[in-house]
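# Coordinate inspection notes
Spelled out, the chains give:
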Amino acid sequence: MSGALLLSAEDLVVQFSLRGRKLTALRGASLELFEGETLAVVGESGSGKSVLAKTFLGMLDKNGTITAGSIQYRGKDLARLSRERDWLEIRGKKIAMIFQDPMTALNPLKTIGEQIREVIELHRGMDRRQSKIETLKTLEAVGIQDPERRYRQYPHEFSGGMRQRVVIASAVACKPEILICDEPTTALDVTVQAQILDLIKALKAEYAMSVLFITHDLGVVANVADRVAVMYAGQVIEQGTVDEIFTDPRAPYTWALLASLPQLGVKGEDLFAIKGTPPSLFKEIKGDAFAPRNPLALEVDFVAEPPIFDVSPTHWAKTWLLDPRAPAIRPPDSVLRLREKLLAERKLS
Amino acid sequence: MKQSPLLSVKNISVDFGSGRKKFRAVSNVSFDVYESETLSLVGESGSGKTTIGRAIMRVHPISEGEIIYRGERISGDLTPKAERLVHQKIQMIFQDPMASLNERAKIDYIVSEGLYSFHLFKDEAERVAKVEQALRDVGLLPEFATRFPHEFSGGQRQRIGIARALVMEPELLVADEPISALDVSIRAQVINLLNKLKRNKSLTYLFIAHDLSVVRFISDRIAVIYRGRLVELAQSEDLFRKPLHPYTRALLTAVPTPDPEIEKKKKIIVYKPAARSPDEPAPSWIEAEPGHFVLGTEKEVNSWLKL
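Values in this document were obtained by computation on a predicted structure and should not be read as measured data.

### Re the overall build of chain B
The number of helices and strands found in chain B is eleven helices and twelve strands. Radius of gyration (C-alpha) of chain B: 21 Å, near the 19 Å computed for a compact globule of 307 residues. With the C-alpha coordinates of chain B rotated into their principal frame, the extents come out at 65 × 55 × 40 Å. Split into buried and exposed, the 307 residues of chain B put 54% on the buried side. Of the contacts made within chain B by residues no fewer than 6 positions apart, 64% connect residues no fewer than 24 positions apart. Surface accessibility of chain B: about 14100 Å² in total, with carbon and sulfur atoms responsible for 51%.

Now the structure itself:
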């Protein structure tokens, strides 16, 4: 299903300076994206998933810098790219991004046709007439009916779902190799969300793109992803195929995330909840960042950061539990029986 | 469910604008909320669910119908006494904990504001005690009272929002998407807190939400709203096991299930309201099964029941 390695981030460290204090948003994050696949990046807010995506586009805020690590893409190290001119060759053209809120991504004072057309004119060097034809084609491809009329309309004349389609159109208009989607459906209704997810899957096949999909919703992950990377406190702590992550998760944080699903709740009883809050990234983190919230943490978790352990050729996790010397600790029963429970509920409905 | 309702919403409509620009956001909606139950209103953005919550809170005036609380009308013009009753006994929790707290006020003032407005304390010592108790009830430390909102995380801010409601000793909490803005791990904590408070303080919740997986877990009954109208209302499990209205079915299938196998086989249903010919009877609110109501014509409901 997936082809050659297309983009790989290795041990990325990103720091922000905020009022004289240093915040380490990425603490050595590694990730691979293969040709033709959809990789979902899951994590809570502050886990660094959006920061990671922004480094691929050279879009870090001014106070943020990549202090270590590399991003290999087509023989270039994007982490060393500093001139805006070099980024313009990549951003939008090779790697495009869709954001969460379609309203802030569009200019309210320009017609949507004009906004997409200028992207095509700039990146694909077409003249006005050609780029307009191309825009109409793209609008049609993202499922906007009557593109000729819609071309002349302004963003406020579109519903939320339609706006997100316009944003997607402007992202795929230049036929990028990689489409980064940052929570593209979080602001949308569930029925619209289902349609947008289907659209992204269809466009991925049609334009032969790889998709990096950032989300916190495990249901969305199950829907779109071929592979999954789980992030916590600025690191990717587990990566595997979507089946491996849902049926054979290895890192305690992944267990906790799955166990917190409301679908696993029993009415009248408390939901499983992860204690405490994620660690402050202003402070140095010792050992396994999840250890203070993990009731099953080992002694070593508080002392040393776990390395990456391979589970299968496609699955790895950063947890001491995979060390041969570690005691045998199994994931919570509820997590192991997730599929069983969901299937049982389906039968009833 | 034989007891009398705590809150009755009777045939209410809410209009925005006037004249040619008039827009009916809520149209002829009725439902009851019984004591110590959780009733959820679910629907998409723009369906009118928030407007109903705000109409109950008297933020939006209703243009038709009435709202009854413990046998007393609380919509329209009220006596000062009835007005007080609403503002004290019905409290609201908001969606965005980042936007709903006054950034320039200390937690102490934020939580006390309702107490000040209604002079609900004898002396300063009692006010402080009430604030401290409310903070403890939501799992925060009393010493947080001297801090400002920006010092707290999203989950903690939502707890402050809940404390601000609790300090008024309410009976009914209208919670408008109180967990939508929270992360997965924090969300579970807040759901558990809301459930615990419901048990310990015998609260009644009107929960406004769009996340159906959470709604199923917390609600006793669920009402589905589509374009300002109630289309279905049932016990939570009945609704999930046997959704009748085509819109409810579309909504339920759209929710992504956290399992790749199930998601691969999924087919989404897109709901398009059926076109009605003028000689057909208008849809009415029909009790299709005991406690399971749906909006449709007699003929439609019978065909839905057979599915």
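### Examining the interface of chain B and chain A
On the chain A side, the residues contacting the 37 residues of chain B number 45 residues. Buried surface at the junction of chain B and chain A, summed over both partners, amounts to about 3700 Å²; 58% is from carbon and sulfur atoms. Looking only at chain B, the three residues that lose the most surface to chain A are Val184(B), Phe217(B) and Pro258(B), adding up to 18% of its buried area. At the junction of chain B and chain A, the tally comes to one salt bridge. In this structure, Arg339(A) and Asp259(B) form a salt bridge, with 2.7 Å as the shortest nitrogen-oxygen distance. Where chain B touches chain A, the interface holds ten residue pairs in polar contact (both at pLDDT 80 or more).

### Describing the sheet that holds strand 9 (residues 221-226) of chain B
Across a sheet, strands are paired by hydrogen bonds formed along the backbone, either parallel or antiparallel in direction. Residue and element names in this part refer to chain B. With respect to topology, eight strands assemble into an open sheet ordered 6-7-8-3-9-10-12-11, the strand pairing being mixed. Each end of this open sheet is capped by a strand with a single partner; those strands are strand 6 (90-93) and strand 11 (284-289). Sheet twist, expressed as the mean angle between neighbouring strand axes with direction ignored, is 20°. Where strand 6 lies against strand 7 (residues 172-176), four bridges are found, and the strand directions are parallel.

### Quick notes on the nonpolar core
Nonpolar side chains tend toward joint burial in soluble globular proteins. Core analysis: the largest hydrophobic core is formed by 102 residues, its most contacted members being Leu7(A), Leu31(A), Phe56(A), Leu78(A), Ile168(A), Leu179(A) and Ile180(A). Every residue in contact with Leu179(A), bar those within four places of it in the chain, is listed here: Ala96(A), Ile98(A), Ala171(A), Val172(A), Met209(A), Ser210(A), Val211(A) and Leu212(A). Counting 61 residues, the second largest nonpolar core, distinct from the first, contains Met168(B), Ala175(B), Val190(B) and Leu239(B).

### Focus: the pairing of strand 11 (residues 309-312) of chain A
Residue and element names in this part refer to chain A. The sheet contact formed by strand 11 and strand 12 (residues 315-317) spans three bridges and is antiparallel. Looking at strand 12, one finds that Asp310 is bridged to Trp316. As consecutive antiparallel partners, strand 11 and strand 12 are separated by two residues.

### Considerations on the layout of surface pockets
Within this model, the largest pocket holds a volume of roughly 1600 Å³. Elements with a contribution of two residues or more to the lining of the largest pocket: strand 1 (5-18), strand 2 (21-34) and helix 1 (49-55) of chain A together with helix 5 (154-166) of chain B. The residue makeup of the lining of the largest pocket, split by class, is 18 nonpolar, 16 polar and ten charged.

### Some thoughts on helix 1 (residues 49-56) of chain B
Where burial is concerned, most of helix 1 of chain B is hidden: six out of the eight residues are buried. Within helix 1 of chain B, the full set of buried residues consists of Lys49(B), Thr51(B), Ile52(B), Gly53(B), Ala55(B) and Ile56(B).

### Notes on the pattern of salt bridges
Two side chains with opposite charge may pair up if their charged atoms get near one another. All names here are of chain A. In total, this model carries 42 salt bridges over all chains according to the counting rule given. Of the charged contacts in the structure, one is a salt bridge between Asp86 and Arg83, with a shortest N-O distance of 3.3 Å. Residue Arg83 is classed as partly exposed on the basis of its relative accessible area, which comes to 45%. Each of Glu114, Arg117, Glu121 and Arg128 takes part in salt bridges that share partners, so that together they form one network.

### Overview of the packing of aromatic side chains
Residues and elements named next belong to chain A. Scanning all chains against the criterion turns up eleven aromatic pairs over all chains. Their ring planes at 65° and their centres at 6.2 Å tell us that Phe309 and Trp320 sit as a pair that is edge-to-face. Here Phe309 is found in strand 11, whereas its partner Trp320 is found in the loop between strand 12 and helix 12 (333-336), with eleven residues between them in sequence. Considered together, Phe309 and Trp320 belong to a single accessibility category, that of buried residues.

### Observations concerning the packing of helix 8 (residues 190-206) of chain A against helix 9 (residues 246-254) of chain B
Look at helix 8 of chain A against helix 9 of chain B: their axes get within 8 Å of each other, and the N-to-C directions meet at 55°. One way to sum up the angle between helix 8 of chain A and helix 9 of chain B is to call them oblique. Both helix 8 of chain A and helix 9 of chain B take part in a crossing whose hand is left-handed. Along the contact surface, helix 8 of chain A presents Val190(A), Thr191(A) and Ala194(A), while helix 9 of chain B presents Ala250(B), Leu251(B) and Ala254(B). Among the residues making up the contact of helix 8 of chain A with helix 9 of chain B, the classes are represented as five nonpolar, one polar and no charged.

### Points about the packing of helix 4 (residues 112-124) of chain A against helix 7 (residues 160-172) of chain A
Residue and element names in this part refer to chain A. At their nearest, the axes of helix 4 and helix 7 sit 8 Å apart, and the two run at 20° to each other. Taken together, helix 4 and helix 7 sit at an angle that is classed as roughly parallel. Taken as a pair, helix 4 and helix 7 cross one another with a handedness that is right-handed. Note on element contacts: helix 7 touches helix 4 through Val166, Ala169 and Ser170, opposite Ile112, Ile116 and Val119.

### Quick notes on empty space enclosed by the protein
Which parts of space are left empty comes out when a probe the size of a water molecule is rolled across the atoms. Residues and elements named next belong to chain A. Considering all chains together, one arrives at five cavities of 30 Å³ or more under this definition. Counted as a void, the largest cavity has a volume near 120 Å³. Residue lining of the largest cavity: 14 residues in total, with Ile237, Asp288, Ala289, Phe290 and Lys318 positioned closest to the centre. Going through the elements one at a time, strand 10 (235-241) and helix 11 (252-259) are the ones with two or more residues in the lining of the largest cavity. Its residues assigned to classes, the lining of the largest cavity comprises eight nonpolar, two polar and four charged.

### Regarding the side chain of Asn192(B)
By the secondary structure assignment, Asn192(B) is in helix 6 (residues 184-200). Taking the relative accessible area as the measure of exposure, Asn192(B) reaches 10% and is therefore buried. A polar atom in the side chain of Asn192(B) sits 2.7 Å from the backbone nitrogen of Leu271(A). Every residue in contact with Asn192(B), bar those within four places of it in the chain, is listed here: Asp270(A), Leu271(A) and Ala273(A).

### Considerations on the sheet that holds strand 4 (residues 64-69) of chain B
Residue and element names in this part refer to chain B. Here four strands make up an open sheet; going across it, the order is 2-1-4-5 and the pairing antiparallel. The sheet terminates laterally at strand 2 (23-33) and strand 5 (72-73), the two strands that pair on one side only. Bridging between strand 1 (residues 7-16) and strand 2 involves seven bridges; their strand directions are antiparallel. Residue pairing for strand 2: Leu7 is matched across the bridge by Val33.

### Concerning the confidence of the model for chain B
Averaged over every residue, the pLDDT of chain B is 91; residues scoring 70 or more account for 99%. Here the complex is predicted with pTM 0.88, and the ipTM for its interfaces comes to 0.85.

### Some points on the pairing of strand 3 (residues 38-42) of chain B
All names here are of chain B. With five of five residues buried, strand 3 lies mostly within the body of the structure. Every second residue of strand 3 is oriented toward a common face, with Thr38, Ser40 and Val42 on one face and Leu39 and Leu41 on the other, all of them buried. Pairing analysis gives five bridges linking strand 3 to strand 8 (residues 204-209), with the strands arranged parallel. Bridging from a neighbouring strand, Thr38 pairs with Tyr205 of strand 8. Sheet topology places strand 3 next to strand 9; four bridges connect them, and they run parallel. Its bridge partner lying in strand 9, Ser40 is registered against Ile222.

Calculation rules
Residues numbered from 1 in each chain as written. Chains lettered and ligands numbered in written order. Predicted model: local features only at pLDDT ≥ 70, side-chain atom pairs only at ≥ 80, totals over all residues. Heavy atoms only, no water. Helix = DSSP H or I, 4+ residues; strand = E, 2+ residues; numbered from the N terminus. Rg over C-alpha atoms; globule rule 2.2 N^0.38 Å. Buried < 20%, exposed > 50% of the residue type's maximum accessible area, 1.4 Å probe, protein only. Contact = heavy atoms within 4.5 Å. Areas by Shrake-Rupley, 256 points an atom, 1.4 Å probe, with all protein chains shown as cover. Buried area = accessible area lost by both parts, 1.4 Å probe. Salt bridge = Lys/Arg side-chain N within 4 Å of Asp/Glu carboxyl O. Polar contact = N/O pair within 3.5 Å; in protein donor to acceptor, adjacent residues only side chain to side chain. Pairing = 2+ DSSP bridges. Axes fitted to C-alpha atoms, helices over the stretch in contact; angles between N-to-C directions. Core = buried A, V, L, I, M, F, W, Y, C linked by side-chain atoms within 4.5 Å. 1 Å grid on protein atoms, 1.4 Å probe; cavity = no way out; pocket = protein on both sides within 12 Å on 5 of 7 lines; lining within 4 Å. Points joined across faces, edges and corners; volume = space filled by probe spheres on them. Nonpolar A, V, L, I, M, F, W, Y, C, P; charged D, E, K, R; others polar. Phe/Tyr/Trp six-rings, centres within 6.5 Å; stacked < 30°, edge-to-face > 60°. Parallel < 35°, antiparallel > 145°, perpendicular 65-115°, else oblique. Left-handed = near helix turned anticlockwise from the far one by under 90°. pLDDT = per-residue confidence, 0-100.

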